[in-house]
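Working through the structure, step by step
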Amino acid sequence: MIEIKVLASSSKGNCYRVTDGSTSILLEAGIRFKEIQRKLNFQTRDIAGCLVTHEHLDHSKAVNEVTRAGIDCYMSAGTKDSIKADSHRIKTVKAKQEFTLGSWTILPFDVQHDVSEPFGFVLKNKAGDRLLFATDTYYIRYRFNDLTHVMVEANYSTRILDKNIENGTVPQIMKKRLMRSHFSLENVKDFFRANDLSKLQETWLLHLSDNNSDEAAFKRDIQSVTGKPVYIA
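Residues numbered from 1 in each chain as written. Predicted model: local features only at pLDDT ≥ 70, side-chain atom pairs only at ≥ 80, totals over all residues. Heavy atoms only, no water.

The next subject is the packing of helix α7 (residues 185–194) against helix α8 (residues 215–226). Where α7 contacts α8, the axes come no closer than 10 Å and their chain directions differ by 15 degrees. Considering the angle they form, α7 stands roughly parallel to α8. Relative to α8, the crossing made by α7 is right-handed. Facing Leu185, Val188, Lys189, Phe192 and Arg193 of α7, the residues of α8 in contact are Phe218, Asp221, Ile222, Val225 and Thr226. Here the contact of α7 with α8 is composed, by residue class, of 6 nonpolar, 1 polar and 3 charged. (Axes fitted to C-alpha atoms, helices over the stretch in contact; angles between N-to-C directions. Helix = DSSP H or I, 4+ residues; strand = E, 2+ residues; numbered from the N terminus. Parallel < 35°, antiparallel > 145°, perpendicular 65-115°, else oblique. Left-handed = near helix turned anticlockwise from the far one by under 90°. Contact = heavy atoms within 4.5 Å. Nonpolar A, V, L, I, M, F, W, Y, C, P; charged D, E, K, R; others polar.)

Here you go:
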């Protein structure tokens, strides 16, 4: 059974721990390693590796600290070059080329964000679990079968954003940036409608905006599309 623990999920920092009972993995390193340790009750010895989607600090801030702790970090070559890290524990991986990490087989895939070479990841294990992790992207062009768990960004609602722009809470220029870098609620709903949900067990919505989201409404909307439990990170 997959267990997901949210350590941080916002523009200030992102980090999650995922385990299938055999191998634990960190998704993102956007908070200090001492915070990761504290939030995991200092039980970090079993962490087999860390997957990093892109170079923005709220996702990569602690890469050097994580590698110094003896944990390998996996990312694209573009992300590595942007971070300017050279530890032997930084492993570059390629889109659509699987690699193995403990009990997991991991498939990186390209996503759409305003950085050099951002990735999403699909993690699968021998028990048949398939977890999709995607954040900081305005679009996912691929379709996936047999997903059991989905961790996906739902940063903003276009309706709420437009209302905030109208009343002056959010500057107009922010809309263009968000539309080209982050997943809207509307696009998340389209993503679920386009994919195979026959084995889906649960969804985690990540990286919600402080100003342009509504936690209760997002949960209700995605639950109505998937018919499965939805959790807000």
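What follows is about α7. Residues of α7 that are buried: Leu185, Val188, Lys189, Phe191 and Phe192. One face of α7 carries all of its buried residues, which in axial projection span an arc of 155 degrees. Those residues of α7 that are buried are in contact with β10 (130–134), β11 (149–153), β12 (202–206) and α8. (Buried < 20%, exposed > 50% of the residue type's maximum accessible area, 1.4 Å probe, protein only. Arc of directions from axis to C-beta.)

The subject of this paragraph is the packing of aromatic side chains. Centre-to-centre distance and the angle between the planes together describe a pair of aromatic rings. With the rule as written, the count across this model stands at 8 aromatic pairs. Measuring from centroid to centroid gives 6.2 Å for Phe109 and Tyr142, while their planes differ by 80 degrees, and the two rings are edge-to-face. Note that Phe109 is positioned in strand β8 (residues 104–110) and Tyr142 in the loop between β10 and β11, a separation of 33 residues in sequence. According to the relative accessible area criterion, Phe109 is buried, its value standing at 2%. One aromatic cluster in this structure is built from Phe109, Tyr142 and Phe144. (Phe/Tyr/Trp six-rings, centres within 6.5 Å; stacked < 30°, edge-to-face > 60°.)

This part is about the packing of helix α5 (residues 158–166) against helix α6 (residues 172–179). Viewed as axis vectors pointing N to C, α5 and α6 meet at an angle of 160 degrees, and their least axial separation amounts to 9 Å. As judged from the angle between their axes, α5 and α6 are roughly antiparallel. Residues Leu161, Asp162 and Ile165 of α5 pack against Gln172, Lys175 and Leu178 of α6. Grouping the constituent residues of the contact of α5 with α6 by class yields 3 nonpolar, 1 polar and 2 charged.

What follows covers the sheet that holds strand β13 (residues 230–232). Spatially, the 7 strands line up as an open sheet ordered β7-β8-β9-β10-β11-β12-β13, and their pairing is mixed. The open sheet is flanked by β7 (99–101) and β13, the only strands paired with a single partner. When the angles between neighbouring strand axes are averaged without regard to direction, this sheet yields 20 degrees. Inspection of the sheet shows β11 paired to β12 by 5 bridges, in the parallel sense. Residue pairing for β12: His149 is matched across the bridge by Glu202. The sheet strands contacting α7 are β10, β11 and β12, and the helix crosses β11 at an angle near 155 degrees. Contacting β12 and β13, α8 runs over the sheet at an angle of about 155 degrees to β13. (Pairing = 2+ DSSP bridges.)

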